[in-house]
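One-letter residues, chain by chain:
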Amino acid sequence: MTAFEVAPAVAAALAEGRPVVALESTVFSALGLPAPAGAEALTRCLAAVRAGGAEPAVTAVLDGVARIGLEPGEHERILTCGSKVAERDLPFAVGGRWPCGVTTVSASLRLASLAGIRVFATGGIGGVHRDAERSGDVSADLGAIAHHPVVTVSAGAKVFLDLPRTLEHLETIGVPVVSLGFDEFPAFTTRSSGLPAPRRVETVEEVAAVVRAARELGYEGGLLLAVPVPEADEVPRDVLDRAIATAHAAAAVAGVTGPGVTPYVLGQIADATGGASVPANLALAERNALVAGQLAAALAATS
Ligand code: PSU
Ligand code: MN
């Protein structure tokens, strides 16, 4: 029994030194986006990675095997999968031969790293929750970004989190954070967080130079590349703030905790914005996939 499998197209690209981008699968499932938006997000992200010049590799667990790269006929299985797999859940999903598991950022980073993939794209990373003093809820995404030698491309951290503390946490654990062509650390479905980006670069080639320098300096962990949602697709800040308040109140009443919080709050925000957060989430995921493809291509061209 093998614990993990790299898809033939992905293995061939890696063997030939061609660029590859890993994609997580939780965002495409109903835990990330309401159907049919997940299917559309997957199609658009796959096309965007290719438009950027790289081979996409969606990660998931299917029939007890951790997969890096799926066949098109398998996509439906992740869209309809309801089991969220973070990094610490991977041994259970594989050891327990789960029929399906959709991987979060943390699990996807482990699988990307295992396969030798150096660039990964998601929507918005998890982070420090607003009630973290009480709940202690800090996403395992942060530690995984620090630990695995993979660049994560995201639209910042999800807007309903405590973004100042998320940035502080990233600093504490030593993750280099850089925004692309933007002065701020972006806020997922809206551009502005009001928080200055720790670093700003203007081009993907500059990011590639930073990544190469990190490797030459012996950095063993990752880097976070923040890309703001396209202007035309962002949700206005005041609309989001009201929706977040409603969503958090609903989560408290429902008593949701642990890994259930993020899917629940995302769903409540989609409802409370009258669905406006969904096209924004699609657009930012697509933009991140495109930038990740371009970054992987820039890294492959110079290594
Ligand atoms: N980005 C999105 N939608 C999502 C997620 C990211 O645009 O649903 C998922 C990712 O899989 C991320 C997870 O790892 O949310 C964070 O969950 P938690 O807060 O429980 O760590
Ligand atoms: Mn959590």
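Anyway, here's the lowdown on the structure attached to this text. Not measured: the values here are computed from a predicted model.

### Side note on unusual backbone geometry
Stage number 1. A cis amide bond links Ala35 with the next residue in sequence, Pro36, at an omega value of 0 degrees.
Stage number 2. As for its position among the elements, Pro36 is in the loop between β2 (20-23) and α2 (37-52).
Stage number 3. In this structure, Asp63 is a non-glycine residue whose phi angle is positive, near 50 degrees.
Stage number 4. In this fold, Asp63 is placed in the loop between β3 (55-62) and β4 (65-68).
Stage number 5. A positive phi angle, close to 50 degrees, is found at Arg97, a residue other than glycine.
Stage number 6. Looking at the secondary structure, you find Arg97 in the loop between α4 (90-95) and β6 (100-103).

### Things to note about the state of the cysteines
Stage number 1. A complete count under the given rule lists 1 disulfide for this structure.
Stage number 2. Sulfur-sulfur distance for the disulfide between Cys81 and Cys100 comes to 2.3 Å. Looking down the S-S bond of the Cys81 and Cys100 bridge, the torsion is 90 degrees, so its handedness is right-handed. Of this pair, Cys81 sits in the loop between α3 (75-79) and β5 (84-85) while Cys100 sits in strand β6, and the two are 19 residues apart along the sequence. There is no split in this pair, since Cys81 and Cys100 are both buried.
Stage number 3. Free of any disulfide, Cys45 has its nearest cysteine sulfur in Cys81, 18 Å distant.

### Points about the site of ligand 1
Stage number 1. Contacts to ligand 1 come from 18 residues, most closely from Glu24, Lys84, Ser139, Lys158 and Thr262.
Stage number 2. Contact between ligand 1 and Gly124: a nitrogen atom at 3.0 Å from a main-chain N or O atom of the residue.
Stage number 3. Asp141 places a side-chain nitrogen or oxygen 2.9 Å from an oxygen atom of ligand 1.
Stage number 4. About the coverage of ligand 1: the protein hides 95% of its 480 Å² of free accessible area.
Stage number 5. Here ligand 1 is seated within the largest pocket.
Stage number 6. Here the residues of the shell around ligand 1 are counted per class, giving 4 nonpolar, 10 polar and 4 charged.

### Digging into the environment of Asn281
Stage number 1. Here Asn281 is to be found in helix α12 (residues 277-302).
Stage number 2. A sequence separation of 248 residues divides Asn281 from Leu33, and the C-alpha atoms of the two residues are 8.2 Å apart.
Stage number 3. If near-sequence neighbours (up to four positions away) are discounted, Asn281 is found in contact with Gly32, Leu33, Phe188 and Thr189.

Thresholds, definitions, all that
- Residues numbered from 1 in each chain as written.
- Chains lettered and ligands numbered in written order.
- Predicted model: local features only at pLDDT ≥ 70, side-chain atom pairs only at ≥ 80, totals over all residues.
- Heavy atoms only, no water.
- Helix = DSSP H or I, 4+ residues; strand = E, 2+ residues; numbered from the N terminus.
- Disulfide = S-S within 2.5 Å.
- Buried < 20%, exposed > 50% of the residue type's maximum accessible area, 1.4 Å probe, protein only.
- Near = heavy atom within 4 Å.
- Polar contact = N/O pair within 3.5 Å; in protein donor to acceptor, adjacent residues only side chain to side chain.
- Areas by Shrake-Rupley, 256 points an atom, 1.4 Å probe, with all protein chains shown as cover.
- 1 Å grid on protein atoms, 1.4 Å probe; cavity = no way out; pocket = protein on both sides within 12 Å on 5 of 7 lines; lining within 4 Å.
- Sits in = over half its atoms within 2 Å of the grid points.
- Nonpolar A, V, L, I, M, F, W, Y, C, P; charged D, E, K, R; others polar.
- Contact = heavy atoms within 4.5 Å.

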